Amino acid sequence: MTRLTVPADDLFGLHNLPYGVYSVPGREPRVGVRYGDYVVDLAVLLGDEETFGVSSLNPFMAQGRDRWIEVRAAITAMLTAAVPAQAVHALGSVTLHLPFEVADYVDFYACEHHAANLGRLFRPDNPDPLMPNWKHLPVGYHGRSASIVLSGTDIVRPSGQRKGPQDPVPVFGPSVRLDIEAELGFVVGVGNEMGEPIAVADAEDHIFGVVLFNDWSARDIQAWEYVPLGPNLGKSFASTISPWVVPLLALQDAKVDTPVQEPAVLPYLALDRPWGLDIDLEVVWNGQIVSRPPYAAMYWSPAQMLAHLTVNGAPMRTGDLFASGTISGPDKDQRGAFIELTWGGAEPVTVDGQQRTFLEDGDVIDLRATAPAAGGKRLGFGEARGRIVGTGRGMAGA
Ligand code: MN
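The rules behind each value
Along each chain, the written sequence defines residue order, and numbers are assigned to residues from 1. Whole-chain, interface and lining totals are the exception, using all residues; otherwise, since this is a predicted model, local features are given only for residues with pLDDT of at least 70 and side-chain atom pairs are given and counted only at 80 or more. Only hydrogens and water are removed before side-chain values are computed, so all heavy atoms of the structure are retained for them. Strands are runs of DSSP state E lasting at least two residues, helices are runs of H or I lasting at least four, and both sets are numbered from the N terminus onward. Throughout this description, buried means an accessible area under 20% of the type-specific maximum (1.4 Å probe, protein chains only), exposed means over 50%, and partly exposed covers the range between. Here a residue-residue contact requires only that any non-hydrogen atoms of the pair lie within 4.5 Å. Listed donor atoms are N, O and S within 2.8 Å of the metal (Na, K and Ca: 3.2 Å). As water is not included, a site may look incomplete. Two strands make a pair as long as DSSP finds a minimum of two bridges between them. Centres within 6.5 Å are what make two rings of Phe, Tyr or Trp a pair, Trp counting through its six-membered ring; a difference in plane orientation under 30 degrees is then read as stacked, over 60 as edge-to-face, and the rest as tilted. We count Lys and Arg on the positive side and Asp and Glu on the negative side, and we leave His and both chain ends out. Salt bridge criterion: a side-chain nitrogen from Lys or Arg within 4 Å of a carboxyl oxygen from Asp or Glu. In protein, a polar contact requires one atom able to donate a hydrogen and another able to accept it; more generally it is a pair of N or O atoms within 3.5 Å, and residues adjacent in sequence count only if both atoms are side-chain atoms. Residue ranges for the domains trace back to a domain assignment, done automatically or taken from a database. Once two parts are joined, some of their accessible surface, as seen by a 1.4 Å probe, is lost; buried area is that loss totalled over both. Lys, Arg, Asp and Glu make up the charged group, whereas Ala, Val, Leu, Ile, Met, Phe, Trp, Tyr, Cys and Pro make up the nonpolar group; the residues left over, Gly among them, are polar.

## Regarding the environment of F60
With respect to the secondary-structure elements, F60 resides in helix α3 (residues 58-61). Since its relative accessible area comes to 0%, F60 is described here as buried. Separated by 20 residues in sequence, F60 and V40 place their C-alpha atoms 16 Å apart. Leaving out residues up to four positions away in the same chain, F60 has contacts with Y19, T51, F52, R67, W68, V71 and F208.

If you want it as structure tokens, here you go:
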């Protein structure tokens, strides 16, 4: 047995304990929990090979909230005392893997600042930048779960059709307006039977945890294809998630009221106090922080998104992922997409001393975030990183 020492104010201290999947050379991936700069093997720690000696969090997530609470308490108790030495690995010595098997994936559009900014950019002649439905339901679209990749995976610049204002006919080629969307992803642990919607008040029995999410977006492809059925190939080539799933149980001290929702929402979306999360993000472009989007500004709450997703009876499954939509605050340096940050490319930002608008090959984007946690501490999310490589150069990059 060994005792692990982690500073009390570490972003990955006992107040966090996010889950992931790791491997060491010559062995299959297994579930681990991050504690400081250690990865602790949960099958060894808890003596449950069936649940944790596997390459995804799905079996554990499917066991439900009572079990999530029990396991978190057991991990905390053991890390406070002593742990089997063979359960412990240095973070730097392991390979991290996609932490869960992504079932279905939906992307929302829950930020009023972002939706209004894009409305102004895409529909400048409309007096109201929001569509008539926007404050009545959380708008979303179904995405491509197979395109969800782990932080560190290179992103190949997508090619597709586009038709700019000056183009008489559509042209084909690599996207010239490749963008990011800084979002959170919510991981469903327990789903619902078809025909039995999840009540907005019960969402915490279903949402297991939260990851950082970069919804890479080809704006030129998107602008030409999106009417009338919404985003398709401009989004479906890749989205990046962080390797550690922060349990919703660790985010209880980060809960905040959503902004006032006016007009009042329909009863199936209504809570006395709809809760958002006070999570502060950073968008890092080639090592330089260019934006600090505040999740607390989001109009629609995660519980409302999940209630809306299922109100028609649609079944959720363990491993379903729904993302929030781009997070933007009211200020310019809080915008979570470059199309907003640079106002459609008209107002470049300075990165490495250069005037920049959209992504170029070789660019590296990191998303990072912290949130308030128990005992006045802060917790961290793992990083969501991706590097852009040119079309046709393959996922291995150059
Ligand atoms: Mn998005």
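## Some words on the coordination of the manganese ion
When a metal carries six donors in an octahedron, the ideal angles between them are 90 or 180 degrees, while four donors in a tetrahedron ideally lie at 109.5 degrees. Around the manganese ion, the protein supplies D107 (OD), E181 (OE), E183 (OE) and D215 (OD) as donor atoms, at distances of 2.1 Å. Since its relative accessible area comes to 0%, D215 is described here as buried.

## Quick look at the pairing of strand β27 (residues 384-389)
Where strand β9 (residues 155-156) lies against β27, two bridges are found, and the strand directions are parallel. By the bridge assignment, I155 is partnered in β27 with I388. Pairing between strand β25 (residues 364-372) and β27: four bridges, direction antiparallel. Looking at β27, one finds that V364 is bridged to R387.

## Quick look at the packing of aromatic side chains
In total, this model carries 13 aromatic pairs according to the counting rule given. Measuring from ring centre to ring centre gives 5.4 Å for Y105 and F213, while their planes differ by 40 degrees; the resulting arrangement is tilted. Linking Y105 in strand β6 (residues 105-108) with F213 in strand β14 (residues 207-214), this pair joins segments that are 108 residues apart in sequence. Owing to a relative accessible area of 3%, Y105 belongs among the buried residues under this scheme. Ring centres of W285 and F338 lie 4.0 Å apart, and the angle between their planes is 10 degrees; this geometry places the pair in the stacked category. Taken as a pair, W285 in strand β20 (residues 280-285) and F338 in helix α8 (residues 338-341) lie far apart in primary sequence, 53 residues in all.

## Description of the side chain of D320
Along the polypeptide, D320 turns up in the loop between α7 (302-310) and β22 (321-323). Although D320 lies buried, it forms no salt bridge, and the closest oppositely charged side chain, R317, sits 4.3 Å away as judged by the N-O distance. Within the structure, D320 has its side chain in polar contact with the backbone nitrogen of D104 (distance 2.8 Å). When residues no more than four places from it in sequence are discounted, the contact partners of D320 are A103, D104, F186, V187, V188 and P315.

## Section: the pairing of β6
Of the two faces of β6, the one holding Y105 and D107 and the one holding V106 and F108 are both buried throughout. By the bridge criterion, three bridges tie β6 to β22 in an arrangement that is parallel. For V106, the partnering residue across the bridge sits in β22 and is F322. Where β6 lies against strand β7 (residues 140-142), three bridges are found, and the strand directions are antiparallel. Bridge pairing links D107 to Y141 in β7.

## Some details on the environment of F338
For F338, a relative accessible area of 1% puts it in the buried group. Separated by 158 residues in sequence, F338 and I180 have C-alpha atoms that sit 6.6 Å apart. Sequence-distant contacts of F338, that is, excluding residues within four places in its chain, are made with D179, I180, V283, W285, V290, W343, T357, L359 and I365.

## Let's talk about the pattern of salt bridges
Two side chains of opposite charge can pair, provided their charged atoms sit close to one another. A full pass over the atoms with the stated rule returns 22 salt bridges. One salt bridge in this structure joins R157 and D361, with 2.8 Å as the shortest N-O distance. Residue R157 is found in the loop between β9 and β10 (159-162), and its partner D361 is found in the loop between β24 (354-356) and β25; the two are separated by 204 residues along the sequence. Classification of D361 by relative accessible area gives partly exposed; the value is 40%. Measuring nitrogen to oxygen at the nearest pair gives 3.1 Å for the salt bridge that ties R273 to D257. With a gap of 16 residues between them, R273 in the loop between β18 (255-257) and β19 (275-277) and D257 in strand β18 connect regions that are remote in the sequence.

## Concerning the domain arrangement of the protein
Here the protein is described as being made up of domain 1 (19-97) and domain 2 (105-389). Listed per partner, the contact involves 19 residues of domain 1 and 18 residues of domain 2. Across the domain 1 to domain 2 interface the summed buried area is about 1,600 Å²; carbon plus sulfur atoms make up 73%. Summed over the shared surface of domain 1 and domain 2, the result is zero salt bridges. The interface formed by domain 1 and domain 2 holds two residue pairs in polar contact (both at pLDDT 80 or more) in total. Elements represented by at least two residues in the side of domain 1 that touches domain 2 include exactly β1 (19-23), β2 (30-35), α3, α4 (65-80) and β5 (95-97). Classifying every residue of the side of domain 1 that touches domain 2 by side-chain character gives 11 nonpolar, five polar and three charged.

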